[in-house]
Amino acid sequence: MIYQGNAITVARGTQNGGDDIAMLTFDLKGESINKLSSAVVAELDDAIKAIQGESGLKGLVIGSAKDVFIVGADITEFHGLFDKGEEYLVEMNLKVHDIFNAIEDLPFPTVTAINGLALGGGCEVTLTTDFRVMGEKAKIGLPETKLGILPGWGGCVRLPRMIGADNAIEWIAGGTENRADAALKMGAVDAVVPDESLEAAALDILARAFSGELDYQARRDEKKGPLKLNPIEQMMAFETAKGYVKGKAGPHYPAPVEAIKVIQKGAGEERGRAQAIEAKAFAKLALSDVAFNLVGLFLNDQVVKKKAGKYEKQAKAVKQTAVLGAGIMGGGIAYQSASKGTPILMKDIKEEAIELGLKESRKLFAKQAERGKLTTEQMAEKLTHIRPTLSYGDFGHVDLVVEAVVENPKVKDKVLTEVEGLVAEDTILTSNTSTISITRLAENLKRPENFCGMHFFNPVHRMPLVEVIRGEKTGDAAVAATVAYARAMGKTPIVVNDCPGFLVNRVLFPYFGGFSLLVEQGADFQHIDKVMEKFGWPMGPAYLLDVVGMDTAVHANEVMAEGFPDRMAREGKTAIQVMYENERLGQKNDKGFYAYEEDKKGKPKKVNDDDAYALVKQVVKEQKTFSDDDIIARMMVPLCLETVRCLEDDIVSTPAEADMALIYGIGFPPFRGGALRYIDAMGVGEFVKLAEGLAEELGPLYAPTDKLRKMAETGERFYSSQAKS
Ligand SMILES: NC(=O)c1ccc[n+]([C@@H]2O[C@H](COP(=O)([O-])OP(=O)(O)OC[C@H]3O[C@@H](n4cnc5c(N)ncnc54)[C@H](O)[C@@H]3O)[C@@H](O)[C@H]2O)c1
């Protein structure tokens, strides 16, 4: 044994009967995957030094004993490391460069055997060796820009020299996970073989290097030298890419463009100087709020997944489901279930509704086939997973039912009690209601413990969130099975307690409340939209209301006002009500705050409509002017405060889940990390001051809770680590 650590071992391996190959294996103890924590990187340093000190070696194979090669750096360490500042981060990366360069400079040929995943730092380890062989099912990539940073351990330097600037930009700026065949085509790896042949293939490559058939020194020189593009080619490649990538990433996500700049700046440089450029740019990005928030988002996502995983372990199998109602939501639920492989019965009372639901599903499957994601046979097979019906015939064999009929408590009561009488004792019943209390719907059921909410978002195939709502009598088995089913559908379930609006709509409607007040005080609704879109929302509030539908919004608002009269009930008409009364329902009838025309692709395109302005005038009481910051504060404060209340009222159990629900459910700007992360970034004290000032003029919708005031006094935060700026 040459080296034995907690995550790395180096042994002498055989090649043609000898023992002159160093076999370095990643196998992190106590974990199911390999990741590059600081401790593992320190081990790698020791392991390479041990190899350097060993005599009689003539080759190195790096591999993994787990199902994956290395999934990346240990992201749980990031906030702590970023806290140490720019200088520390530059030094840290230069040290890693020294270790990685030492692998690249070993006096014999080297090869990595990649199985499972080689992402981020894991991918960068593979780039240090002269050759790479990859398992057929493995994936490789540099997803760092998705975290608001850039590959800082040589990815921006080595990859462009290996696969060309254009290809490297695509991988790095896109943060893509790339399949083995694509990696081979681009020259990122030298061979693709079945997993079980990886080691043999790696040894074979070494043998060919020993025989001189493969020139490992030439490979090395290429990686270590400047990028082979003349200045004009460089200009063309980089400038075009920067323009394109900037347009795609948008103004709030600087990392992809910064990564291109690093590749460009380092292009004419040899290894050491190019790596220094990379280290500096990495540290700068790592200290940005965007990186802080995106890393936070990743960690929150882990919390949410872990919680769902725990429920899933206790869940009974959900093999056959049913949806009641084949409308917008029922149709979407049936498609999503079938698409991910759980057979589903789709029941409606109207033949036309069923036809429409099936037509939508066919359209969505056909789109996937067009994009090459499904073959025609697979598409036909998936469609058979949806079984349309007008009767309850096969409901005796259903594990879980999703009720998605019209939003009317009487109809829902009737349908739910009817179906409860037909299914097995342990079948789980769920409702996709957006506004009716789950505890209330359970009142007429014989087995309320088997009932909970399963709230999807529209359009179901696109929106990742499912709120799983626990009513007063809901049992753990119902929650567990519903969470498991949501996961099987490829969704992110978050478990919340019952209250009007549940979590997401309870938080969204105060935001619309802020919008109504602004409009009444003379703010232009199109300007509000522009400001909030610039802030990072995918659509402004007026546009969002048009998408939600004015009828839905008015109805939900009534429910919220009844539930929280102190802050959500109000006198006088809002612009939303005026739109509704004038049959401007939004996109569903082509007119709301905007008018809608069909674009070339047949999608609704919003255009200005003077009639909408004329109607809004009816509610305008003042003509105040608002700065962009005023608008942001008046929109964001009620939303953030309601999120705080949901946490205090135990509607949601952690800040991580609350923030992720808003990002996944209503498109809260991800780079801002969520409502509670937003308060933390502003500082709880500053936020409370801002809210109190607004509450004086605008009332209880803006009033901070006592607990939040206390947090401001004591300096408490929602998350433990702190953003930089
Ligand atoms: N549309 C949304 O954006 C959205 C989002 C989340 C939740 N929801 C909720 O989902 C539910 C359905 O909403 P939708 O937008 O799909 O409505 P929809 O009007 O498009 O569809 C309702 C369907 O239910 C059918 N139906 C009525 N009574 C029935 C019965 N007894 N048995 C079987 N089918 C019956 C109708 O024929 C219709 O096809 C509502 O509770 C709604 O609040 C809607």
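The rules we used
- Residues numbered from 1 in each chain as written.
- Predicted model: local features only at pLDDT ≥ 70, side-chain atom pairs only at ≥ 80, totals over all residues.
- Heavy atoms only, no water.
- UniProt positions renumbered as here; feature names shortened; annotations may be inferred.
- Phe/Tyr/Trp six-rings, centres within 6.5 Å; stacked < 30°, edge-to-face > 60°.
- Helix = DSSP H or I, 4+ residues; strand = E, 2+ residues; numbered from the N terminus.
- Buried < 20%, exposed > 50% of the residue type's maximum accessible area, 1.4 Å probe, protein only.
- Lys NZ or Arg CZ within 6 Å of the ring centre and 35° of its normal.
- Domains from an automatic or database assignment.
- Buried area = accessible area lost by both parts, 1.4 Å probe.
- Salt bridge = Lys/Arg side-chain N within 4 Å of Asp/Glu carboxyl O.
- Nonpolar A, V, L, I, M, F, W, Y, C, P; charged D, E, K, R; others polar.
- Near = heavy atom within 4 Å.
- Polar contact = N/O pair within 3.5 Å; in protein donor to acceptor, adjacent residues only side chain to side chain.
- Areas by Shrake-Rupley, 256 points an atom, 1.4 Å probe, with all protein chains shown as cover.
- Pairing = 2+ DSSP bridges.
- Contact = heavy atoms within 4.5 Å.
- Axes fitted to C-alpha atoms, helices over the stretch in contact; angles between N-to-C directions.

By the naming in an unreviewed UniProt entry, the protein chain goes by enoyl-CoA hydratase and is assigned to Billgrantia montanilacus. Word for word, the UniProt comment on the protein chain under Pathway (unreviewed entry) is "Lipid metabolism; fatty acid beta-oxidation." Quoted verbatim from the Catalytic activity (unreviewed entry) heading of the UniProt record, the comment on the protein chain is "a (3S)-3-hydroxyacyl-CoA + NAD(+) = a 3-oxoacyl-CoA + NADH + H(+)".

Enquirer: Run through the packing of aromatic side chains, naming residues and quoting values.
Expert: A complete count under the given rule lists 18 aromatic pairs for this structure. On the numbers, 6.0 Å between centres and 75 degrees between planes, the contact of Phe100 with Trp153 is edge-to-face. Here Phe100, found in helix 3 (residues 86-104), pairs with Trp153, found in the loop between strand 8 (139-141) and helix 5 (155-163); they are 53 residues apart in sequence, far enough to count as distant. Of the two residues examined, Phe100 and Trp153, each falls in the buried class. Among the aromatic residues, those joined into a cluster by ring pairs are Phe515, Phe525, Tyr543, Phe593, Tyr594, Tyr596 and Tyr613. Against the face of Phe535 rests Arg672, its NZ or CZ located 3.8 Å from the ring centre.

Enquirer: Please give an account of the domain arrangement of the protein chain that cites residues and values.
Expert: Interfaces are frequently sized by the accessible area removed from exposure as the parts join. What the domain assignment lists for the protein chain is domain 1 (3-287), domain 2 (318-496) and domain 3 (505-714). Spacing between the C-alpha centres of domain 2 and domain 3 amounts to 29 Å. Between domain 2 and domain 3 the total buried area reaches about 990 Å² when both faces are included, carbon and sulfur atoms providing 65% of it. Seen at the junction of domain 2 and domain 3, the total is zero salt bridges. It is strand 18 (residues 492-497) that provides the largest number of residues to the side of domain 2 that touches domain 3, a total of four residues. Here the residues of the side of domain 2 that touches domain 3 are counted per class, giving seven nonpolar, four polar and one charged.

Enquirer: How would you sum up the site of the ligand? Please name residues and give values.
Expert: Inspection of the region around the ligand gives 22 residues, with Met329, Asp348, Glu407, Lys412 and Ser434 positioned closest. Val405 has a polar backbone atom sitting 3.3 Å from an oxygen atom of the ligand. A distance of 2.5 Å is found between an oxygen atom of the ligand and a side-chain nitrogen or oxygen belonging to Glu407. Within the complex, the protein chains bury 81% of what would otherwise be the 830 Å² of accessible surface of the ligand. Every element with two or more residues in the shell around the ligand is listed here: helix 14 (328-339), helix 17 (409-420) and strand 16 (451-456).

Enquirer: How would you sum up the sheet that holds strand 1 (residues 3-4)? Please name residues and give values.
Expert: Strand order in the open sheet made by the seven strands is 1-2-3-4-5-7-10, with mixed pairing throughout. At either end of the open sheet lies a strand with only one pairing partner, and these are strand 1 and strand 10 (191-193). Bridging between strand 1 and strand 2 (residues 8-13) involves two bridges; their strand directions are antiparallel. Across the sheet, the residue bridging to Gln4 is Thr9, located in strand 2. The strands touched by helix 8 (residues 198-210) within the sheet are strand 3 (21-26), strand 4 (59-64), strand 5 (110-114), strand 7 (131-135) and strand 10, with strand 7 carrying the most contacts at an inclination of about 160 degrees.

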